[in-house]
Amino acid sequence: MKPTLVASLTLCALSSLIIGAAAQDAPVDLVKVGAKTYDTNCAPCHGDKLVSSGIAFDLKRLREDERPRFDNSVTNGKNAMPSWRGIIKEKDLDALWAYIRANAYP
Amino acid sequence: MRIFRLMTIAGFAASCFTCAASAQTAADLVASQKSTKEILTYGMGYNAQRYSSLTQINRKNVKNLTAAWAYGLSDQLGLEAQPLVHDGVIYITNHNRTAAVDGVTGKELWRHNIDYPSETTRVVCCGIVNRGSALYEGKLIRGTLDNYILALDAKTGKEIWKTKIADIASGYSITGAPLIANGVIITGVAGAEFGIRGFLAGLDPATGKEIWRTYTIPAKGEKGSETWEGDSAATGGGSTWVTGSYDPELNLVFWGISNPAPWNPRGRKGDNLYTCGIMALDPKTGAIKWFSQTDPHDAFDHDGVNALVQADIKVNGEAKKVVMQAHRDGFLYVLERATGKFLAVNPFVEMNWASGWDYKTNRPMWTDVYTKALAGEKVEVWPSLTGGTNWHPMSYSPKENLLFINTFNVGMNYQAGDPEKVTAGQRAQFVDLTPIKPANMGYLKAVDPTTGKAKWEIPFKVANTAGTMNTASGLVFTGQLTGEFIAVNSSNGKILWKFQTQSGIIGQPITWEKDGVQYVTIGSGIGGVYAMRTAAAEVTHVPTGSALWTFKLQGK
């Protein structure tokens, strides 16, 4: 067996294992993960539990179709907000977005 | 003309030149505590009492106080700084500007802008702000969020030197005012939420060269390192983000050292020296002369950086030279300045994590709230991490022997889960918190220093996060987060005057005089972590934007 094939099979087995474990224990609760990331990195300016003072942008105003705008602001920074590139990673963005959308204004 | 006359004239000219060049000398800074015209230091004097002997504005005529001018800072992010005053010129700072303003007219004389890298604010935990500057020998000296100390020409605003003292990538920032003591610039750093190793640095005012650095967290093998679990000291926090005070007689600088990192205590067993305590240092060398720890192994981000106010008072009937601190943890600490001995420790707000102070062991008498928290259980804690009071400075009246403190009345539900590894430069808290907010979230209190008991208190729905200042005419000045600048009768707590400014007040009032007129100056501009987090729902109708206001009596 060629080394590359071994590596591929191992990787495949490993990822199956990870997916399997996640599916068996509990589905990853994106909203909960997002809440934790939010509390650590975002709440100091955007407010506890997404309650905004109006000083920084009220994230509950984001609409369903504004994900690209959200990604762009977090990744590249906007106004007083720094770029979070490298700190808030792509998977964190998914979780953050899930948390924000779960609490968005109707 | 005879030679000796020539020499006399030359000598006179030379001494005048020296006079002008050496404005705000070390002696001037000592003397300014008693001056009514000059506010040359953070704290309105080295003792940080924020007390003025001015009496032109008094309880009877304060109703006639009126705005003289307002100066806009073109900024939306909060104005916490204490202004300085020299020769009728006011110096004001925020996160990206330093400005000199004519104190009588409000006209700008110069401004200097700071352009820090955008990623800087990733490591600013609690509001994108600056709290003030220092004056020395014609230079206006301040820190920047990205860890430079800047010296500007106080006459022109031109940069004289700039020294970098730390990296934002490692979690450091500077928000506090420098303190100049015995000819040395002393600066602290912020960043205990980002796994820094805290320190104080001493710089030469002439060149900006760093002449000493004293770490608040010992290196491996150093004394105190045994009070940290494993390698937890390396990212142990101990920041120094609020300016200390200086006793020129003892030649001691007092500085509050902040919380250990992370807030979750379960991965850093031990007393965690030298966090959460008061440190006394020699300003020339940075040598630690004493350290008195208020919260060994802090679990609640009770910090320890609050204003250190000096006074000569009686404790148990005995005259003592003391330094006082209304601490985030809820205790009012009174320590002997020369030795750091705890003389009186009493609660000044509701607290439940300790039942008192043990003077034999010099440690808090912890309750099961604390022990359960260490075990990872969910507990209700008073005061919350916001503290019995926060960074905003109290003031002291030597006339009435009272401290005027804007206190918080906020608790928290708290749980520290399994500890996680701290990465320097990234936010590290690792606790679950929910604030408990009663109907009145704060009080302005007049507190007896040795008992902690309030002579009077005024409730506020939204707690004040501004400093207080008081005068010999029996007035206390402070501001509300909803924008009202108020004057209060110091003996009974009655609000005698109020003025609605354009934003929320989180600044530090001062009073000063020029040409026989007394002025009161305060910054207004909402911001800071309390407004943005805890009280967010209560301030949604407070507009942002910063302005410096100055008031005087009508007709003056």
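Structure: above.
This one's a predicted model, so the numbers in the text were calculated from it and none came from an experiment.

*Asks:* Looking at this structure, I do not really get empty space enclosed by the protein. What am I missing?
*Replies:* Which parts of space are left empty comes out when a probe the size of a water molecule is rolled across the atoms. Per the stated rule, a full pass over the model turns up six cavities of 30 Å³ or more. Computed from the structure, the largest cavity encloses a volume of approximately 640 Å³. Its residues placed into classes, the lining of the largest cavity shows 20 nonpolar, 17 polar and eleven charged. Size it by volume and the second largest cavity reaches roughly 60 Å³. Split into classes, the residues belonging to the lining of the second largest cavity amount to six nonpolar, three polar and one charged.

*Asks:* Help me understand the sheet that holds strand β28 (residues 411–416) of chain B, please; the structure alone is not making it clear to me.
*Replies:* Strand pairs in the sheet, formed through backbone hydrogen bonds, run parallel or antiparallel to each other. Residues and elements named next belong to chain B. Strand order across the open sheet formed by three strands is β25-β28-β29, with antiparallel pairing between neighbours. At either end of the open sheet lies a strand with only one pairing partner, and these are β25 (379–381) and β29 (431–436). If you compare each strand with its neighbour and ignore which way they point, the axes differ by 25° on average. The sheet contact formed by β25 and β28 spans three bridges and is antiparallel. Residue pairing for β28: valine 381 is matched across the bridge by methionine 412.

*Asks:* Teacher, can you tell me more about the sheet that holds strand β9 (residues 148–153) of chain B here?
*Replies:* Residue and element names in this part refer to chain B. Read from one edge of the open sheet, four strands run β7-β8-β9-β10, paired in antiparallel fashion. Among the strands making up the open sheet, the edge pair consists of β7 (134–136) and β10 (159–164). Averaged over all pairs of adjacent strands, the angle between their axes in this sheet comes to 20°, without regard to strand direction. Bridge analysis of strand β8 (residues 139–143) against β9 gives five bridges, and the strand direction is antiparallel. When the bridges of β9 are listed, leucine 140 appears paired with leucine 152.

*Asks:* Mind showing me how you'd approach helix α4 (residues 67–76) of chain A here?
*Replies:* Residue and element names in this part refer to chain A. Among the residues making up α4, those that are buried are Phe70, Ser73 and Val74. Along the axis of α4, the buried positions cluster into a sector of 90°, meaning they face one direction only. For α4, the elements touching its buried residues are α5 (90–102). The first or second residue beyond α4 is glycine 77, which carries a positive phi of 85°.

*Asks:* Would you mind showing me how to read the interface of chain A and chain B here?
*Replies:* Often the size quoted for an interface is simply the accessible area lost on bringing the parts together. Taken residue by residue, the interface counts 21 residues in chain A and 28 residues in chain B. Of the roughly 1900 Å² buried where chain A meets chain B, counting both sides, 56% is carbon and sulfur surface. Among the residues of chain A in contact with chain B, A:Pro44, A:Ser53 and A:Ile55 are the three that bury the most area, contributing 31% of the side total. The interface formed by chain A and chain B contains three salt bridges. One salt bridge in this structure joins A:Asp39 and B:Arg533, with 3.3 Å as the shortest N-O distance. Taken together, the links from chain A to chain B amount to seven residue pairs in polar contact (both at pLDDT 80 or more). Of all the secondary-structure elements, those providing two or more residues to the side of chain A that touches chain B are α2 (30–41) and α3 (43–46) of chain A.

*Asks:* Help me understand the environment of B:Ile165 in this model?
*Replies:* Residues and elements named next belong to chain B. Within the secondary structure, isoleucine 165 sits in the loop between β10 and β11 (179–181). Residue classification places isoleucine 165 among the buried positions, given a relative accessible area of 4%. In the structure, isoleucine 165 is positioned 17 residues away from tyrosine 148 in sequence and 6.1 Å away in space, judged by C-alpha atoms. Not counting the four nearest positions on each side in its chain, isoleucine 165 is found in contact with Asn147, Ile149, Ile174, Thr187, Val189, Phe199, Leu203, Glu210 and Arg213.

Definitions and cut-offs
Residues numbered from 1 in each chain as written. Chains lettered and ligands numbered in written order. Predicted model: local features only at pLDDT ≥ 70, side-chain atom pairs only at ≥ 80, totals over all residues. Heavy atoms only, no water. 1 Å grid on protein atoms, 1.4 Å probe; cavity = no way out; pocket = protein on both sides within 12 Å on 5 of 7 lines; lining within 4 Å. Points joined across faces, edges and corners; volume = space filled by probe spheres on them. Nonpolar A, V, L, I, M, F, W, Y, C, P; charged D, E, K, R; others polar. Pairing = 2+ DSSP bridges. Helix = DSSP H or I, 4+ residues; strand = E, 2+ residues; numbered from the N terminus. Axes fitted to C-alpha atoms, helices over the stretch in contact; angles between N-to-C directions. Buried < 20%, exposed > 50% of the residue type's maximum accessible area, 1.4 Å probe, protein only. Arc of directions from axis to C-beta. Contact = heavy atoms within 4.5 Å. Buried area = accessible area lost by both parts, 1.4 Å probe. Salt bridge = Lys/Arg side-chain N within 4 Å of Asp/Glu carboxyl O. Polar contact = N/O pair within 3.5 Å; in protein donor to acceptor, adjacent residues only side chain to side chain.

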